[in-house]
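Examining the three-dimensional arrangement
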Amino acid sequence: MPDLLLSDADQTALRSLLATEPDPGSPFPTRPALEAVGRLIPCDAVGVVLADSSGHVLDEVVEPGDYTNELDPVSASTSLSMDLRAGSDHVVQVWMDRRHGTFCSRDLAMLSLLTPALQRLLRSRPTARLPGTLTLQEGRVLSLVGAGWTNAEIAERMCVETCTVRKHLEHVYRKLGVSNRMAAAMVLQGRAAGGPRGSSDDDRRQMFA
């Protein structure tokens, strides 16, 4: 596998992808995330196909949205793809099309580098409706708690102090009506945990990686 030398533009696109959060209510990465992939692995289109365990296609998203794979007679198209699990009962295929030229070893190496970030975005699932009074930072902390991260790991991920994470969790517990991280994770996963849930107008769905 070749060494990857990232240009300033590559580094900007990579930071954008790594900073992207899962899209609530959708099994797909956001369009900005797909655009970032397309900049890191130059191609004419990036797509994500969601299929069930039997291989039946359930849905697909393509960036750009008006892309078609119909080619003129003198064009040659190549594709690069990878399959990822999305929970226990779904498979996701991420694909890229290039109408002129072929994908090279650098493109394969870049796809390997991006795999963990794509897996994080594809593993998300809709969960219980949570109070809309949670702030963005509180929601992120709760999502990482639900994924099994420790306070120290969350602090490093979010570039804050561990005491700040603890303070966010205190607020989360109060708003969810629970007293510990296990109960908060149960609420996130859609299991009963009691306590107030807020009005439907103010609620919002949260997802975790």
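Because the structure is predicted, anything quoted here is derived from the model rather than measured.

Conventions used here
- Residues numbered from 1 in each chain as written.
- Predicted model: local features only at pLDDT ≥ 70, side-chain atom pairs only at ≥ 80, totals over all residues.
- Heavy atoms only, no water.
- Phe/Tyr/Trp six-rings, centres within 6.5 Å; stacked < 30°, edge-to-face > 60°.
- Helix = DSSP H or I, 4+ residues; strand = E, 2+ residues; numbered from the N terminus.
- Buried < 20%, exposed > 50% of the residue type's maximum accessible area, 1.4 Å probe, protein only.
- Pairing = 2+ DSSP bridges.
- Axes fitted to C-alpha atoms, helices over the stretch in contact; angles between N-to-C directions.
- Contact = heavy atoms within 4.5 Å.
- Core = buried A, V, L, I, M, F, W, Y, C linked by side-chain atoms within 4.5 Å.
- Parallel < 35°, antiparallel > 145°, perpendicular 65-115°, else oblique.
- Left-handed = near helix turned anticlockwise from the far one by under 90°.

**Comments concerning the packing of aromatic side chains**
Given two aromatic rings, one states the distance between the centres and the angle between the planes to describe the pair. Scanning the entire structure with this criterion turns up one aromatic pair. Measuring from centroid to centroid gives 6.3 Å for Tyr-67 and Trp-95, while their planes differ by 40°, and the two rings are tilted. Of this pair, Tyr-67 sits in the loop between β2 (57–63) and β3 (78–85) while Trp-95 sits in strand β4 (residues 90–98), and the two are 28 residues apart along the sequence. Like Tyr-67, the residue Trp-95 is buried in the burial classification.

**Quick notes on the sheet that holds β4**
Spatially, β2-β1-β4-β3 is the arrangement adopted by the four strands of the open sheet, whose pairing is antiparallel. Looking at strand neighbours, the two that pair on one side only are β2 and β3, the edges of this open sheet. The average angle at which neighbouring strand axes cross in this sheet is 15°, direction not considered. As paired strands, β3 and β4 are joined by eight bridges and run antiparallel to one another. Among the inter-strand pairings, Leu-84 is bridged to a residue of β4, identified as Val-92. Against the sheet, helix α2 (residues 31–40) makes contact with β1 (45–52), β2 and β4, and its axis sits at roughly 65° relative to β2, the strand it touches most.

**Brief notes about the nonpolar core**
Of all hydrophobic cores here, the largest spans 28 residues; its most connected members are Leu-17, Ile-41, Val-48, Val-94, Met-96 and Leu-114. When contributions to this core are tallied by element, the ones reaching two or more residues are α1 (8–19), α2, β1, β3, β4 and α3 (105–122). The leading source of residues in this core is α3, at seven residues. Each residue touching Val-94, except ones within four places of it in the same chain, is listed here: Gly-47, Val-48, Leu-80, Ser-81, Met-82, Leu-84, Leu-118 and Leu-122. Core analysis: the second largest hydrophobic core is formed by 18 residues, Ile-154, Val-172, Tyr-173 and Ala-184 among them.

**Focus on unusual backbone geometry**
Note: most residues except glycine have negative phi, and most peptide bonds are trans. Cis geometry marks the peptide bond from Glu-63 to Pro-64; its omega dihedral reads 5°. By the element assignment, Pro-64 lies in the loop between β2 and β3.

**Topic: the environment of Gln-11**
Locating Gln-11 in the fold gives a position in helix α1. Its relative accessible area of 32% is what places Gln-11 among the partly exposed residues.

**Re the packing of helix α4 (residues 136–146) against helix α5 (residues 151–158)**
Close contact between α4 and α5 brings their axes to 10 Å; oriented N to C, the two are set at 130°. Taken together, the axis directions place α4 and α5 in an arrangement best described as oblique. Note that α4 runs across α5; the crossing there is right-handed. Of α5, the residues touching α4 (which contributes Gln-137, Arg-140, Val-141, Leu-144 and Val-145) are Ile-154, Arg-157 and Met-158.

**Details of the pairing of β2**
Sheet topology places β1 next to β2; six bridges connect them, and they run antiparallel. Bridge pairing in β2 links Leu-50 to Asp-59. Linking β1 back to β2 in an antiparallel pair, the connection comprises four residues, with Gly-55 at a positive phi of about 95°.

**Re the packing of α4 against helix α6 (residues 162–176)**
Interhelical geometry of α4 versus α6 gives an angle of 90° and a closest axis separation of 9 Å. Relative to α6, α4 is oriented roughly perpendicular. Between α4 and α6, the contacting residues are Gln-137, Glu-138, Val-141, Leu-142 and Val-145 on the first element and Val-165, His-168, Leu-169, His-171, Val-172, Lys-175 and Leu-176 on the second.

**A look at the side chain of Asp-10**
Topologically, Asp-10 is positioned in helix α1. Each residue touching Asp-10, except ones within four places of it in the same chain, is listed here: Leu-5, Arg-39, Leu-40 and Arg-106.

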